[in-house]
Amino acid sequence: MSRLVVVSNRVPVPDKSGAAPAGGLAVALQAALKERGGIWMGWSGKSSGEEEPADLTILEQGNITFALTDLTDRDVDEYYHGFANRVLWPICHYRLDLAEYARKEMSGYFRVNRFFAAKLAPMLEPDDIIWVHDYHLIPLATELRALGVKNKIGFFLHIPLPPADVLFTMPVHEEIMKGLAEYDLVGFQTDHDFANFAGGLVREGIGEQLADGRLTSFGRTFKGGAYPIGIETEAFAAYARRAAKHAMVAKARASIEGRNLIIGVDRLDYSKGLTQRIDAFEKFVTANPEQHNKVTYLQVTPKSRSEVPEYEAMQRTVAEQAGRVNGALGTVDWVPIRYINRSVARPVLAGLYRLARVGLVTPLRDGMNLVAKEYVAAQDPDDPGVLVLSRFAGAARELKGALLVNPYDIEGAANAIARAIHMPLDERKQRWSGMMEHLKKQTVQRWCDDFLRDLTA
Ligand code: GDG
């Protein structure tokens, strides 16, 4: 079996004990690496200041080599905070208003990809299979090919790919499309994202979809398709069962005093629709006065990308909004919204999902959204909660038992919360079991196997 080489912006490096990393994606990729042996390469998350970084930091664990590089301050600014997070992220999430395009940052993005390729190429063996992850590294195949690398290279985009009218507002859209065409397989979260990609190539007259589904563009023929990412469903369900006994979860249960719990869990990011969600909750409470003091909405929102100005501003906006709603609706013995601006431990999170009658997952746009899947997996089969899910999350293509909402329609979302709170047990069970069955089949392991099978075929 060929070795596997995974490249991603950040690498979940195991700790000294070799303990498995927390997230399902990291677990699945590490399992695939363990089976085949190989390398996981990426940025260390550290800066080397003004100096070019010294050699890679190499950590060996069994048959897996973790290879990490630092980046200069300028590289971090231009490649990561700049082009990746202030151009590609907003555009791929349909936020043209937030994209700040600067030529300097674009060239930093391509420069860092060239640098990654130069560091990776000498480590490669001729039949290694290379799997590149996410929007930070789109041009990596182009740079590897320029160094004579002939290996199979696959790419998976974790975030949405918008239609041509949105994507092509980016001045370097052609380089980005060309960069994707250099891979042997390009994977997306949903059929919609893949259709946007293929449609964009065709519409702009820079590519074609062949009868067998393959694509041809910029002189290359390659495969593309939807590979919806999953979670470790059974493991997460077992985890949530045990977590119900966790001391913190017991404390949380006692503190909600028999009220219905509504939970939201999202990195602090404008794509997650937090302000619209708080508006919807407020509307739900004001439209249903009998719910006063009967519900608690817990929003867990770890900070992310605080160096990007939009994120810093958002931190204030969301905190102020939650405070205003609590001030307006709360009473001496009831705080309607509990807003936590930091990360909670994974077992606690699993236990809180299970405790919650409603999982509120209403991003304005999301590649997949693993929180939606984790919430479903964590439920008690005898008394499952209800998932209220944005139709603009990739997960909505799969989780048909959810109450689908348009997050921009505040009244509609508020009505869906009310419907979820009042849903009879039979309907809850029926909706949940269909989703759980699906998640048991479409695991993260399956996602990994399907992608690698198609890449190597
Ligand atoms: C990107 C795409 C796509 C969150 N808060 C805490 C915590 N989390 C964990 C969740 C979940 C993960 O972080 C978030 O994953 P999502 O999929 O919901 O969202 P992104 O971070 O935006 O991920 C997305 C994903 O890539 C995978 O392809 O689905 O569309 O945007 O696992 O549980 N974990 C802990 N404490 C927290 O407070 N322990």
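This text gives an overview of the structure that appears in the document. (Residues numbered from 1 in each chain as written. Predicted model: local features only at pLDDT ≥ 70, side-chain atom pairs only at ≥ 80, totals over all residues. Heavy atoms only, no water.)

## Focus on the packing of aromatic side chains
Going through the model one piece at a time under the given rule, you end up with 22 aromatic pairs. Each ring, one from Trp 131 and one from Trp 447, has its centre 5.0 Å from the other, and the planes form 40 degrees; the classification is tilted. Highlighted residues: Trp 131 in strand β5 (residues 129-133) and Trp 447 in helix α16 (residues 444-456), separated in sequence by 316 residues. Exposure remark for Trp 131: the relative accessible area of 0% places this residue in the buried category. (Phe/Tyr/Trp six-rings, centres within 6.5 Å; stacked < 30°, edge-to-face > 60°. Helix = DSSP H or I, 4+ residues; strand = E, 2+ residues; numbered from the N terminus. Buried < 20%, exposed > 50% of the residue type's maximum accessible area, 1.4 Å probe, protein only.)

## Quick look at the site of the ligand
In the vicinity of the ligand, 22 residues are found, and the nearest of them are His 158, Val 344, Asp 366, Leu 370 and Glu 374. Within the contact set of the ligand, a nitrogen atom lies 3.1 Å away from a side-chain nitrogen or oxygen of Ser 343. In this structure, an oxygen atom belonging to the ligand sits 2.8 Å away from a main-chain N or O atom of Met 368. Tallied by class, the residues present in the shell around the ligand amount to twelve nonpolar, five polar and five charged. Residues lining the shell around the ligand come from more than one domain, with at least three contributed by each of domain 1 (4-230 + 444-456) and domain 2 (233-441). (Near = heavy atom within 4 Å. Polar contact = N/O pair within 3.5 Å; in protein donor to acceptor, adjacent residues only side chain to side chain. Nonpolar A, V, L, I, M, F, W, Y, C, P; charged D, E, K, R; others polar. Domains from an automatic or database assignment.)

## Quick word on unusual backbone geometry
Even without glycine at this site, Phe 218 takes up a positive phi of about 50 degrees. Backbone geometry at Glu 257 places phi at a positive 50 degrees, although glycine is not the residue there. Along the polypeptide, Glu 257 turns up in the loop between α9 (247-256) and β11 (260-265).

## Considerations on the sheet that holds strand β7 (residues 185-188)
The ten strands lie next to each other as β3-β4-β2-β1-β5-β6-β7-β10-β9-β8, forming an open sheet whose pairing is mixed. In this open sheet, the two strands that pair with only one neighbour each are β3 (57-61) and β8 (207-209). When the angles between neighbouring strand axes are averaged without regard to direction, this sheet yields 20 degrees. Bridge analysis of strand β1 (residues 4-10) against β5 gives four bridges, and the strand direction is parallel. Bridged to Val 7 within β5 is Val 132. Contacting β1, β2 (38-47) and β4 (64-71), helix α2 (residues 73-92) crosses the sheet at an angle of about 100 degrees to β4. On the sheet, α16 packs against β1, β5, β6 (152-156), β7 and β10 (220-226) and is oriented at approximately 125 degrees with respect to β5. (Pairing = 2+ DSSP bridges. Axes fitted to C-alpha atoms, helices over the stretch in contact; angles between N-to-C directions. Contact = heavy atoms within 4.5 Å.)

## Some thoughts on the packing of helix α8 (residues 233-243) against helix α15 (residues 425-441)
Where α8 contacts α15, the axes come no closer than 8 Å and their chain directions differ by 125 degrees. The angle between the axes of α8 and α15 places the two elements in the oblique class. Contact residues: Thr 233, Glu 234 and Ala 237 in α8; Met 436, Leu 439 and Lys 440 in α15. Grouping the amino acids of the contact of α8 with α15 by side-chain chemistry returns three nonpolar, one polar and two charged. (Parallel < 35°, antiparallel > 145°, perpendicular 65-115°, else oblique.)

## Focus: a negative patch on the surface
A cluster of acidic residues, Glu 50, Glu 51, Glu 52, Asp 73 and Asp 77, forms a negative patch at the surface. With respect to the secondary-structure elements, Asp 73 resides in helix α2. Look at Asp 73 and you get partly exposed, because its relative accessible area is 41%. (Patch = residues over 30% accessible without salt bridge, like charges linked within 9 Å, V, L, I, M, F, W, Y side chains within 5 Å. Areas by Shrake-Rupley, 256 points an atom, 1.4 Å probe, with all protein chains shown as cover. Salt bridge = Lys/Arg side-chain N within 4 Å of Asp/Glu carboxyl O. Lys, Arg positive; Asp, Glu negative; His and termini not counted. Charge placed at Lys NZ, Arg CZ, Asp CG, Glu CD.)

## Considering the pattern of salt bridges
Any two side chains of opposite charge can pair, on the condition that their charged atoms come close. Going through the model one piece at a time under the given rule, you end up with 29 salt bridges. A salt bridge links Arg 86 to Glu 100; the nearest nitrogen and oxygen atoms lie 3.7 Å apart. In this pair, Arg 86 is assigned in helix α2 and Glu 100 in the loop between α2 and α3 (103-120), connecting sequence segments 14 residues apart. Note on Glu 100: relative accessible area 42%, which makes it partly exposed. The closest approach of N and O atoms between Asp 450 and Arg 453, which form a salt bridge, is 3.2 Å. Residue Asp 450 and its partner Arg 453 are both found in helix α16; the two are separated by three residues, about one turn of the helix. With a relative accessible area of 15%, Asp 450 lands in the buried category. Put simply, Arg 74, Asp 75, Glu 78 and Arg 111 are held in one network by salt bridges that share partners.

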